[in-house]
Amino acid sequence: MEAPLYFLQQVINGLTIGSTYALIAIGYTMVYGIIGMINFAHGEIYMIATYVAFIVIAGLSMMGIDSTIFLMVAALIVAIIVASAHAFAVERVAYRPVRGSKRLIALISAIGMSIFLQNYMLLAQGSRDKAIGNILPGGWHFSGGDFTVVLSYMQVIIFAVTLISMLLLAAFISRSKLGRACRACSQDRGMANLLGINTDLVISMTFVIGAALAAVAGLLLGMYYGVVNPYIGFLAGLKAFTAAVLGGIGSIPGAVLGGLLLGVAEALTGGYLSTEYNDVVSFGLLILILLFRPWGILGKPEVEKI
Amino acid sequence: MTTAMLKVDNLVTHYGAIQALNDVSLEVSQGEIVTLVGSNGAGKTTLLMSICGDPLPTSGTVRFDGKEVQGLPTSQIMRSGLSVVPEGRRIFTGMTVEENLSMGGYYRSKVEIAESTEHVLTLFPRLKERFNQRGGTMSGGEQQMLAIARALMSRPRLLLLDEPSLGLAPIIIAQIFEIIQKLREEQGTTIFLVEQNAHKALSIADRGYVLEHGRVVLSDTGQALLANDEVRRAYLGG
């Protein structure tokens, strides 16, 4: 009884982290789909959103508000607004001016933006960890024999909020005018322009949507871990990027699948081997997929145009 | 003197260092079918796309309804009452017929999109059967019809067509040329048609231009060009 329950616990933990990887990975994959660049500053947007969520929760708590739902909703709304505004500005300042030049130039601009945002938060908030208390303690316990499986309320919230975000995104992409324009742009941006679609606006909105989802991840993961520092964006960004590549960069379902797979792989590594090997397994997977199936699990092989 | 709906003057377009268009001037009046013929690489597509601002012309003017549009962003030019069926159709293969059509009417209201959808489906009943099918799964002829239908969704007064007959079976080509004529007769749509199939194009056109090496070398009525010895030798196979 112990072994399967232990395994179940690892899978639950893995899916929790994986959900948030998926939320961040969607931002990478949508931006890649539409302008063919990897937005390496995306992890920083997630980090900024986490800070904002912490500040809102801490501020409101100090004012004596202790309703968990109210705190979460308020933090979510403010984090989404601030993260979206940052992503919008990043695109205008660092990516639009170099769009149409070589890929390497956009990549360098993205890395520069990432370093800038990290230092900007470092100056504003300092380099030390900031922590908030657990505003949603407790959970369900299922015990069988020696081992007790814990499904915390926070984990349930993470699954639920992630699922709702994905459903909203799916509806937006398939039904709304702007969502359809996003798909049209990712297939043939020039043609979208020829139909009178303002593709600059569509690109801006893609950054904003990606940032909003990263902000959701920022709040959830921030509450789950309870700490933030200016460096968390780097690793989270790389993990989400790995998830996006694993699933097939450019594919939204791929990003979700990649995120969940990566989360479970890491949790199993941590559970059976050692948490020290988590990153080894993640980036080992990235290398393997790039070697043997660079278009990812759900992506399509791209024919290099000459 | 009537002002032309589309008036191109001294247009020059470069691709990098290569000059693709050399001082091209032409005009298309309200209600006309005008064709541009020429061999491969003469600059026909470049001319059509330069009108849309993609690529940006190096110099010269493009007037639509008397207003200069060269230098404006492509999406803005395309909102002023013209539409294009580009070379290679460029339908959104991953999107359904319905979604492709809705993109064609992107900047119009929901009601107008519904009206236009109904209208284009009567023109192309075939698309009605394929309404929820992905564009990429349809035959070449159906894709071409979708490309034309999509261009009509914005109710353009001027329709630019780039080689709509390319790679299609003769029976489909005949249908497409029929629809082009029908559009002019029933909707009063002005047509600017780029074609390699010079015989077919010139026989439905009021007027035609012949483009060679990025220059207009001849212009006359469609019938006169069909009878012209040089044109016959170069483009009509003798």
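Residues numbered from 1 in each chain as written. Chains lettered and ligands numbered in written order. Predicted model: local features only at pLDDT ≥ 70, side-chain atom pairs only at ≥ 80, totals over all residues.

Observations regarding the overall build of chain B
Reasoning step 1: Scanning chain B from terminus to terminus reveals 10 helices and 10 strands.
Reasoning step 2: On C-alpha atoms alone, chain B measures out to a radius of gyration of 17 Å, which is about the 18 Å that the 2.2 N^0.38 rule sets for 238 residues.
Reasoning step 3: If you line up chain B on its principal axes, its C-alpha atoms span 45 × 40 × 40 Å.
Reasoning step 4: Among the 238 residues that make up chain B, the fraction classed as buried is 45%.
Reasoning step 5: Restricting to contacts in chain B with at least 6 residues of sequence separation, those with at least 24 account for 66%. (Helix = DSSP H or I, 4+ residues; strand = E, 2+ residues; numbered from the N terminus. Rg over C-alpha atoms; globule rule 2.2 N^0.38 Å. Buried ≥ 20, exposed ≤ 12 C-beta atoms within 10 Å, placed from the backbone. Contact = placed C-beta atoms within 7 Å.)

Points about the overall build of chain A
Reasoning step 1: A count of helical and extended segments in chain A gives 11 helices and 4 strands.
Reasoning step 2: Of all 306 residues assigned to chain A, the portion counted as buried reaches 45%.
Reasoning step 3: Restricting the contact set of chain A to residue pairs at least 6 apart, pairs at least 24 apart contribute 76%.

Structural notes on the sheet that holds strand β4 (residues 59-64) of chain B
Residue and element names in this part refer to chain B.
Reasoning step 1: On the basis of which strands lie adjacent, the open sheet formed by 4 strands has the order β2-β1-β4-β5 and antiparallel pairing. Pairing within the sheet leaves two strands with one partner each, and these edge strands are β2 (18-28) and β5 (67-68).
Reasoning step 2: As paired elements, strand β1 (residues 6-15) and β2 share 7 bridges and run antiparallel to each other. Within the sheet, the bridge partner assigned to Y15 lies in β2 and is I18.
Reasoning step 3: Of the strands in this sheet, β1, β2 and β4 touch helix α1 (residues 44-51), which is tilted by about 65° from β2. (Pairing = 2+ DSSP bridges. Axes fitted to C-alpha atoms, helices over the stretch in contact; angles between N-to-C directions.)

Some points on the UniProt feature "transmembrane region" (unreviewed entry) in chain A
Reasoning step 1: UniProt's entry tags residues 20-38, 45-63, 69-90, 102-121, 150-173, 201-225 and 280-298 of chain A with the feature "transmembrane region" (unreviewed entry), counted in the numbering of this structure.
Reasoning step 2: Helix makes up 100% of residues 69-90 of chain A and strand 0%. Its end C-alpha atoms lie 31 Å apart. (UniProt positions renumbered as here; feature names shortened; annotations may be inferred.)

Thoughts on the interface of chain A and chain B
Reasoning step 1: The interface is formed by 16 residues belonging to chain A together with 20 residues belonging to chain B.
Reasoning step 2: Listed by contribution, the elements that provide at least two residues to the side of chain A that touches chain B are α6 (177-187) and α7 (189-194) of chain A.
Reasoning step 3: Ranked by the residues each element gives to the side of chain A that touches chain B, the list is headed by α6 of chain A, at 6 residues.
Reasoning step 4: Here the side of chain A that touches chain B is composed, by residue class, of 6 nonpolar, 6 polar and 4 charged. (Nonpolar A, V, L, I, M, F, W, Y, C, P; charged D, E, K, R; others polar.)

Thoughts on helix α2 (residues 42-62) of chain A
Residues and elements named next belong to chain A.
Reasoning step 1: Here α2 is 21 residues long and its end C-alpha atoms lie 30 Å apart, about the 30 Å a rise of 1.5 Å per residue gives.
Reasoning step 2: The element α2 is largely enclosed, with a buried count of 15 among its 21 residues.
Reasoning step 3: Directly beyond the C-terminal end of α2, a positive phi value near 95° is found at G64. (Expected span 1.5 Å × (residues − 1).)

Some points on the pairing of strand β10 (residues 215-221) of chain B
Residue and element names in this part refer to chain B.
Reasoning step 1: Of the pairings in the sheet, the one linking strand β9 (residues 207-212) to β10 comprises 6 bridges and is antiparallel in character. In the strand pairing of β10, G208 is matched with D220.
Reasoning step 2: Linking β9 back to β10 in an antiparallel pair, the connection comprises 2 residues, with H213 at a positive phi of about 45°.

Focus: the sheet that holds strand β3 (residues 33-37) of chain B
Residues and elements named next belong to chain B.
Reasoning step 1: The 6 strands lie next to each other as β6-β7-β8-β3-β9-β10, forming an open sheet whose pairing is mixed. At either margin of the open sheet sits one strand with a lone partner, and together these are β6 (82-85) and β10. The sheet shows a mean angle of 15° between the axes of neighbouring strands, direction not considered.
Reasoning step 2: On the sheet, α1 packs against β3, β7 (158-162), β8 (190-195) and β9 and is oriented at approximately 150° with respect to β7.
Reasoning step 3: The sheet contacts of helix α7 (residues 170-187) involve β3, β7 and β8, and relative to β8 the element is tilted by about 160°.

Thoughts on unusual backbone geometry
All names here are of chain B.
Reasoning step 1: Residues D54 and P55 are joined by a peptide bond in cis, for which omega reads 10°.
Reasoning step 2: Here P55 lies in the loop between α1 and β4.
Reasoning step 3: Even without glycine at this site, R90 takes up a positive phi of about 50°.
Reasoning step 4: Judged by C-beta crowding, with 20 C-beta atoms within 10 Å, R90 ranks as buried.
Reasoning step 5: Positive phi outside glycine occurs at E163, with the angle close to 45°.
Reasoning step 6: Here E163 lies in the loop between β7 and α7.
Reasoning step 7: Here E163 falls in the buried class, since 22 other C-beta atoms lie within 10 Å of it.

So, the domain arrangement of chain B
All names here are of chain B.
Reasoning step 1: Domains assigned within chain B are domain 1 (6-81 + 156-235) and domain 2 (92-154).
Reasoning step 2: Distance from the C-alpha centre of domain 1 to the C-alpha centre of domain 2: 23 Å.
Reasoning step 3: Element by element, the count of residues in the side of domain 1 that touches domain 2 is highest for α7, at 3 residues.
Reasoning step 4: The residue inventory of the side of domain 1 that touches domain 2, partitioned by class, reads 8 nonpolar, 1 polar and 1 charged. (Domains from an automatic or database assignment.)

Here we look at the nonpolar core
All names here are of chain A.
Reasoning step 1: With 154 residues, the main nonpolar core has A49, A79, A83, A214 and L219 as its most contacted residues.
Reasoning step 2: Element by element, the count of residues in this core is highest for helix α8 (residues 199-225), at 16 residues.
Reasoning step 3: If sequence neighbours within four positions are ignored, A83 has contacts with I45, I48, A49, A211, A212, A214 and A215. (Core = buried A, V, L, I, M, F, W, Y, C linked by C-beta atoms within 7 Å.)

Some points on the packing of helix α9 (residues 232-247) of chain A against helix α11 (residues 278-292) of chain A
Residue and element names in this part refer to chain A.
Reasoning step 1: At a minimum axis separation of 10 Å, α9 and α11 run at an interaxial angle of 35°. Both α9 and α11 take part in a crossing whose hand is left-handed. The residues of α11 that touch α9, namely those facing K239, T242, V245 and L246, are S282, F283, L285, L286, I289 and L290.
Reasoning step 2: When the residues that make up the contact of α9 with α11 are grouped by side-chain class, the tally is 7 nonpolar, 2 polar and 1 charged. (Left-handed = near helix turned anticlockwise from the far one by under 90°.)

Brief notes about the packing of α6 of chain A against α8 of chain A
All names here are of chain A.
Reasoning step 1: Between α6 and α8, the least distance of the axes is 10 Å, while the angle of their chain directions is 105°. Classed by the angle they form, the pair α6 and α8 counts as roughly perpendicular. In this structure, α6 contributes L178, A181, C182 and C185 to the contact, and α8 contributes T199, V202, M205 and T206.
Reasoning step 2: Taken together, the residues of the contact of α6 with α8 sort by class into 6 nonpolar, 2 polar and no charged. (Parallel < 35°, antiparallel > 145°, perpendicular 65-115°, else oblique.)

Things to note about α7 of chain B
Reasoning step 1: Taking 1.5 Å of rise per residue, the 18 residues of α7 of chain B would be expected to cover 26 Å, and the 25 Å separating its terminal C-alpha atoms lies within 8% of that figure.
Reasoning step 2: Immediately beyond the C-terminal end of α7 of chain B, within one or two residues, lies G188 of chain B, with a positive phi of roughly 70°.

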